Structure formats: structure tokens, C-alpha cells
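Working through the structure, step by step
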Amino acid sequence: MSSPILGLHHVTATVDDAQADLDFAAGALALRLVKKTVNFDNPFVYHFYYGTRVGSPGTIWTTFPYGGHGIRRGVVGAGQITATAFSVPAGSSESWRERLDARHLDPIEIDHRFGEPVLALRDPSGLVIELIEAAHDTRDPWPLANVPATQAIRGIHSVTLTSRAAASTRDFMTDVLGFTTDGEEDGRVRMTIGGDGPGHIFDVVAGDGRPPGRNGLGTVHHVAMAVHTEEEQLAIREHLVSLGVMVTPVQDRQYFQSIYFREPGGVLFEVATSAPGFTADESEDALGAQLKLPPWEESKRATIEAGLAVVTLPR
Ligand code: ZN
């Protein structure tokens with residue numbers, strides 16, 4: 001079936017310390033902090049959005065640094081996104097290895113995956129992050145990244161979805177959301193939507209023998225797919241409701257509108273609109289420079305700022 005889903009929108013993780021997260025994502029990975037805001041459900045916790053130039057859908061990695069807020073460590077396992085891969089230029093693995101080694105991030109080389117070299121590492125909270133050399137990724141890197149353009153991240157490459165019911169997950173993704181199966185390698189089924197290159201890829205693996213995933217520090221909370229319009233989002237929502245899938249009402253995330261639902265293998269999915277994007281309340285040049293609050297929290301700005309950890313954006 002044809003689907004209005006364009007590909008990945010963002011991946012959101014619960015991480016530990018806010019400064020360590022900035023040092024990792026904006027420092028080591030040289031992503032741009034495109035928005036510094038707060039968790040809309042808990043405004044005393046940051047919500048960091050990282051991306052390339054303006055944080056276009058498919059480039060966005062977002063974190064809730066919950067360290068020190070009484071949240072336990074999570075369990076990485078079945079029913080979760082267990083690895084998030086970023087797309088890097090062909091031939092850049094060696095320079096990435098040197099850069100990450102120098103920061104004691106100890107990347108390990110995994111053999112090729114679907115023909116592309118993979119470097120894997122862990123973020124400071126234990127999340128599995130991968131850098132995959134993509135021969136064909138036309139997305140522009142952030143020109144001001146503190147790595148050369150021949151090395152800089154182009155956006156998200158793919159996610160690894162570890163399912164509690166892999167066959168049901170694949171059927172749901174195919175029949176309900178419109179994904180295509182693109183291949184299989186070592187028990188990993190590659191599914192794509194809105195294209196077949198980086199930014200469009202979900203690799204589904206069976207979670208047999210793995211513990212059930214549990215939310216907490218060091219786990220991915222959800223993965224979001226992008227649609228152009230609110231009408232398309234509502235059509236997907238109505239379709240899900242008609243199938244008996246529990247789905248949230250549309251939620252205003254300030255930079256996009258969102259709905260959330262769980263696929264049959266346990267992973268929390270979101271469908272988010274492309275608009276209005278991160279330039280809704282800051283100019284492109286100033287993205288990430290200041291703490292932005294949603295309008296309904298502005299009156300509490302002084303209290304919120306006093307309760308947030310002081311952090312510095314790495315240069
Ligand atoms: Zn989200």
C-alpha cells in the first residue's frame with residue numbers, strides 16, 4: 001500500500017547526566033544542538049534535540065537527561081529500539097575511530113551490515129550508538145560541525161528494533177504502516193519506508209532470549225516516523241483506531257504534532273508532522289542557543305531555570 005510516512009522523524013532516549021549527554025552528542029558526535037527545551041511532561045528535566053543544520057526529520061536524536069531525578073536504570077531488551085545508527089560518509093570510519101578513541105569511547109568495528117561498514121560504541125548512559133558508512137546519502141551535514149564535511153553525520157541511518165514478536169511486528173509495519181521488506185541478513189530483517197536509503201530503515205530482529213526491555217536511564221524511549229501534514233497523521237490515527245490499536249490523541253510538541261502507539265512487538269512508535277520544525281521559535285542561526293519553553297510554561301520560567309542543571313555547550 002502507499003503510505004504517507006516519509007521515513008524516520010526522530011529517536012528519543014532516556015539518558016543519565018545532562019552535561020555528559022551534551023559532551024557526547026554535540027561534542028564527540030559533532031551533532032548540532034538544535035533545541036534546548038524541557039520535557040513537556042516534567043519541565044524540570046531537559047529535552048535536548050540534536051540534528052544537522054535545522055534538525056530536519058530523519059536527522060533528529062533527542063534525549064531526556066533524567067540523571068539525578070530518581071529514575072532507575074532501564075533494562076535494554078525485547079520491545080525496544082536497541083541500537084540507533086547515524087549515517088557517516090564512506091571512508092570516514094577510521095577518522096571516527098581515532099576521534100572516539102581519543103575521547104575514550106572505545107568504538108568497536110562490527111563487520112559489514114548489508115554491505116556497509118559499522119562502528120559501534122556506547123553513549124555515557126550505555127546506549128548502543130552506531131556509525132554506518134553510507135555510500136549514498138544526499139543529506140547535507142551541518143556546515144559548522146567541528147569535524148570535516150567528509151566525516152560529519154548526515155542524519156539517522158537506521159534503528160535496530162528488537163521485537164517481542166518479530167513476525168507480528170513485521171506484519172504490522174507492512175500491512176498497517178506501509179513498510180517494505182528489503183532484505184535479510186543474520187536474522188535481521190531490513191524494512192524501509194518512504195525510500196530505501198539512510199533515514200528510511202528499520203532493522204527488525206527477534207528478541208528471543210533477551211529480557212523484556214524496561215524504560216529507564218540508558219534506554220531508547222520511542223522512535224518516531226514523519227508525515228507531512230496533520231491530515232495524514234489523523235488518517236493514520238483513524239486507521240489505527242479502526243484496527244483496535246490503542247493510540248493517543250494528537251499532542252502538541254511545539255515543533256511538531258504527535259501521536260503515539262505500541263506496535264505488537266512492544267516498541268513505542270510515534271508519528272510526527274514535519275512542520276513547524278525547530279525554527280518555529282528561534283532563527284536558524286540561533287538554534288539551541290537559549291532555553292526555549294512551551295508557551296504554557298513561560299510563566300514558570302524563573303522556577304524552571306532555577307531547577308535545571310547548569311550546562312555548557314561543548315565547542
Ligand atoms: Zn518523540
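Residues numbered from 1 in each chain as written. Predicted model: local features only at pLDDT ≥ 70, side-chain atom pairs only at ≥ 80, totals over all residues. Heavy atoms only, no water.

So, the sheet that holds strand β9 (residues 155-163)
What the eight strands build is an open sheet, ordered β6-β7-β8-β5-β9-β12-β11-β10; its pairing is mixed. Each having just a single partner strand, β6 (108-113) and β10 (180-185) make up the two edges of the open sheet. On average, each strand axis in the sheet is inclined to that of its neighbour by 25°, with strand direction left out of account. Across six bridges, the pairing between strand β5 (residues 80-89) and strand β8 (residues 128-134) is parallel. Residue pairing in the sheet places V88 in a bridge with E133 of β8. Helix α3 (residues 166-177) contacts β9, β10, β11 (188-192) and β12 (201-206) of the sheet and is inclined by roughly 155° relative to β12. (Pairing = 2+ DSSP bridges. Helix = DSSP H or I, 4+ residues; strand = E, 2+ residues; numbered from the N terminus. Axes fitted to C-alpha atoms, helices over the stretch in contact; angles between N-to-C directions. Contact = heavy atoms within 4.5 Å.)

Observations regarding the coordination of the zinc ion
Under perfect tetrahedral coordination by four donors, a metal shows angles of 109.5 degrees; under perfect octahedral coordination by six donors, it shows angles of 90 or 180 degrees. Taken together, the protein donors to the zinc ion comprise H10 (NE2), H222 (NE2) and E270 (OE), at separations of 1.9 to 2.0 Å. We note that the donor set of the zinc ion lies within a single chain, spaced as H-x211-H-x47-E. Remark: H222 occurs in strand β13 (residues 219-227) and H10 occurs in strand β1 (residues 7-15); sequence separation between them is 212 residues. With respect to class, H10 is no different from H222; both count as buried. (Donors = N, O, S within 2.8 Å, 3.2 Å for Na, K, Ca; no water. Buried < 20%, exposed > 50% of the residue type's maximum accessible area, 1.4 Å probe, protein only.)

Observations concerning the sheet that holds strand β2 (residues 32-39)
Across the sheet, eight strands lie side by side as β2-β3-β4-β1-β13-β16-β15-β14; this open sheet has mixed pairing. Edge positions in the open sheet fall to β2 and β14 (251-252), since each of these has one partner strand only. Bridge count between strand β15 (residues 257-262) and strand β16 (residues 268-273): five bridges; the pairing is antiparallel. The residue bridging S258 from the neighbouring strand is A272, located in β16. Here α3 sits on the sheet in contact with β13, β15 and β16, set at roughly 25° to β16. Helix α4 (residues 230-242) rests against β13, β15 and β16 of the sheet, and its axis sits at about 20° to β15.

Examining the environment of L119
The topology assignment puts L119 in strand β7 (residues 116-122). When the C-alpha positions of L119 and E94 are compared, they lie 9.4 Å apart, and in sequence the two are 25 residues distant. Residue contacts for L119: discarding those within four places in its chain leaves S93, W96, R97, L100, P107, I108, E109, I129, E130 and L131.

Description of the pairing of β16
Most of β16 is tucked away, with six of its six residues classed as buried. Of the two faces of β16, the one carrying L268, E270 and A272 and the one carrying F269, V271 and T273 are both buried. Where β13 lies against β16, five bridges are found, and the strand directions are parallel. Following the sheet pairing, A226 is matched in β16 by A272. The loop that links β15 with its antiparallel partner β16 comprises five residues; one of these, G266, has a positive phi angle of about 100°.

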